[in-house]
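The residues making up each chain are set out below.
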Amino acid sequence: MSEADAPGPSGVLFDVQRWSTEDGPGIRTTVFFKGCPLRCAWCCNPESWSPRPELGLFPERCRGCDACVTACPRDLARPAREPRSACEDLGACVAACPHGARQIFGQAWTVEALLAHIERDRVFHRRSGGGVTFSGGEATAQPEFLRHLAERLREWGVHLALETCGHFAWEENAEALACMDLVYLDLKHMDEAEHRRWTGVGTALIHANARRLRQAGIPLILRLPLIPGVNDDAENLRRMAAFAAELESPVEVLPCHALGVAKHQAIGAEPPLRDLKPPDPARVAQVQEALRGSGARILG
């Protein structure tokens, strides 16, 4: 029985990563939910934006063998190096391609199937002080699926962490949030207009949810995805440090990277920041020192 065939509530994931060591304490299983309310210009996982499975094409891998064309039951597939066709994401072409030029981003999972998958890692969770991290995309965009998973894993005694953009309906996610041992919340930009410019949404709901998390007594770590020329100016760092001090929450600085450019192209989108360059270690250290100097407690 496949993950999609097992009984119980279901959701759409685009990855389940085992042996993760950067998404919380210890060795973790990181579950990447598909679907996100933000459209960050620097996003490294643009395949996570849509809540539905979608076809990704990698033209540089295509050899023009036409195996995809032969396999398509509706005669819609075309070689990946040709212009995108009106594919319906049925997946037959993906299985037929011998060169990995086609990939379906996203798969339906039931709670029971995912729990069985996670069960294999529980010994590593216990020995390392690790657990399960819900990431994305945005896990809170699938509140029912998240709640069922969190409640079942809580019954197992698993340490649970959530990585979130903070833009979610609190009431729909309150029960799942109550199960969390740790929440990482991204602060992309402190200015309302700039945040909307770069992500498509404002800051009000995100800041309100950060405050509610602290009021609920859920351990909270704020994260700054460091984007040179976007959010590393002195005023933004000062405002972020003040917000962190208000919440009495530490800050973790995460340097951006350019891994999302190829994925944007794979799903037929133009990368908004095609020339994005990661900040060098010296700049990261400067930003950390600026935050620290404004009163923030820095992790790392």
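As the structure is a prediction and not an experimental result, all values here were calculated from the model.

**Points about helix α9 (residues 234-247)**
Step number 1: Its 14 residues place the ends of α9 20 Å apart at the C-alpha level, agreeing with the 20 Å of an ideal helix rising 1.5 Å per residue.
Step number 2: Within α9, the full set of buried residues consists of Asn236, Leu237, Met240, Ala241, Phe243, Ala244 and Leu247. Buried residues of α9, seen end-on, are gathered within an arc of 160 degrees and therefore sit on one face of the element.
Step number 3: Tucked into the core, α9 has its buried residues touching α8 (204-215), β9 (220-226), β10 (251-255) and α11 (281-293).
Step number 4: At the C-terminal side of α9, glutamate 248 shows a positive phi close to 55 degrees.

**Describing the packing of helix α3 (residues 111-119) against helix α5 (residues 143-156)**
Step number 1: One can describe the packing of α3 onto α5 by two numbers: an axis separation of 10 Å at closest approach and a directional angle of 40 degrees. Of the possible angle classes, the one that applies to α3 and α5 is oblique. For the crossing formed where α3 meets α5, the hand is right-handed. Between α3 and α5, the contacting residues are Val111, Glu112, Leu114, Leu115, Ile118 and Glu119 on the first element and Phe145, His148, Leu149, Arg152, Leu153 and Trp156 on the second.
Step number 2: Taken together, the residues that form the contact of α3 with α5 break down as eight nonpolar, one polar and three charged.

**A short note on the sheet that holds β9**
Step number 1: Ordered by their spatial adjacency, nine strands build an open sheet running β5-β1-β2-β6-β7-β8-β9-β10-β11, and the pairing between neighbours is mixed. Looking at which strands have only one partner, the edges of the open sheet turn out to be β5 (107-110) and β11 (298-299).
Step number 2: Examined bridge by bridge, strand β8 (residues 182-186) and β9 share four bridges and lie parallel to one another. Each residue of the ladder has a partner; that of leucine 185, found in β9, is leucine 222.
Step number 3: Where α5 meets the sheet, its contacts fall on β1 (10-20), β2 (28-33), β5, β6 (131-135) and β7 (159-164), and the angle it forms with β6 comes to roughly 170 degrees.
Step number 4: Against the sheet, α8 contacts β8 and β9, and its axis sits at roughly 160 degrees relative to β8.

**Quick notes on the packing of aromatic side chains**
Step number 1: Applying the stated rule across the entire model yields seven aromatic pairs.
Step number 2: Where phenylalanine 168 meets tryptophan 170, the ring centres are 6.3 Å apart and the plane angle is 25 degrees; that geometry is what we call stacked.
Step number 3: By relative accessible area, which is 4% here, phenylalanine 168 ends up buried.
Step number 4: A network of ring pairs unites the aromatic residues Phe33, Phe134 and Phe145 as a single cluster.
Step number 5: One Lys or Arg, arginine 223, reaches over the ring of tyrosine 184 and ends 3.8 Å from the middle of that ring.

**Description of the side chain of asparagine 209**
Step number 1: Structurally, asparagine 209 is set in helix α8.
Step number 2: Not counting the four nearest positions on each side in its chain, asparagine 209 is found in contact with Gly166, Phe168 and Trp170.

**Here's the deal with the confidence of the model for the protein chain**
Step number 1: Chain-level pLDDT for the protein chain is 92 on average; 96% of the residues reach the 70-or-more range.
Step number 2: The model gives residues 1-6 a pLDDT under 50, and that stretch makes 11 contacts with residues more than four places away or in other chains.

**Regarding α11**
Step number 1: With 13 residues, α11 ought to run about 18 Å at 1.5 Å a step, and its terminal C-alpha atoms sit 18 Å apart, in line with that.
Step number 2: Inspection of α11 places Val284, Val287, Gln288 and Leu291 among the buried residues, and these make up the whole buried set. What you see down the axis of α11 is that its buried residues fit within an arc of 100 degrees, all on one side.
Step number 3: Among the structural elements, β9, α9, β10 and β11 are those in contact with the buried residues of α11.
Step number 4: Backbone geometry just downstream of α11 places glycine 295 in the positive-phi region, at approximately 105 degrees.

**Quick word on the environment of cysteine 65**
Step number 1: When you line up the elements, cysteine 65 lands in the loop between β3 (54-57) and α1 (67-71).
Step number 2: Using a relative accessible area of 44% as the deciding quantity, one classes cysteine 65 as partly exposed.
Step number 3: Distance from cysteine 65 to methionine 190, taken between C-alpha atoms, is 50 Å for residues 125 residues apart in sequence.
Step number 4: If we skip the residues at most four places from it in the chain, cysteine 65 touches Pro98 and His99.

**Looking at the pattern of salt bridges**
Step number 1: Tallied over the entire structure, the rule returns 20 salt bridges.
Step number 2: Of the charged contacts, one joins arginine 122 and glutamate 119 as a salt bridge, the two residues approaching to 3.4 Å between their closest N and O atoms.
Step number 3: Across the pair aspartate 181 and arginine 154 runs a salt bridge, and its minimum N-O distance is 3.4 Å. Note that aspartate 181 is positioned in the loop between α6 (170-177) and β8 and arginine 154 in helix α5, a separation of 27 residues in sequence.
Step number 4: For arginine 154, a relative accessible area of 33% translates into the label partly exposed.
Step number 5: Connected via shared salt-bridge partners are Glu144, Arg147 and Glu151.

Quick notes on the rules
- Residues numbered from 1 in each chain as written.
- Predicted model: local features only at pLDDT ≥ 70, side-chain atom pairs only at ≥ 80, totals over all residues.
- Heavy atoms only, no water.
- Helix = DSSP H or I, 4+ residues; strand = E, 2+ residues; numbered from the N terminus.
- Expected span 1.5 Å × (residues − 1).
- Buried < 20%, exposed > 50% of the residue type's maximum accessible area, 1.4 Å probe, protein only.
- Arc of directions from axis to C-beta.
- Contact = heavy atoms within 4.5 Å.
- Axes fitted to C-alpha atoms, helices over the stretch in contact; angles between N-to-C directions.
- Parallel < 35°, antiparallel > 145°, perpendicular 65-115°, else oblique.
- Left-handed = near helix turned anticlockwise from the far one by under 90°.
- Nonpolar A, V, L, I, M, F, W, Y, C, P; charged D, E, K, R; others polar.
- Pairing = 2+ DSSP bridges.
- Phe/Tyr/Trp six-rings, centres within 6.5 Å; stacked < 30°, edge-to-face > 60°.
- Lys NZ or Arg CZ within 6 Å of the ring centre and 35° of its normal.
- pLDDT = per-residue confidence, 0-100.
- Salt bridge = Lys/Arg side-chain N within 4 Å of Asp/Glu carboxyl O.

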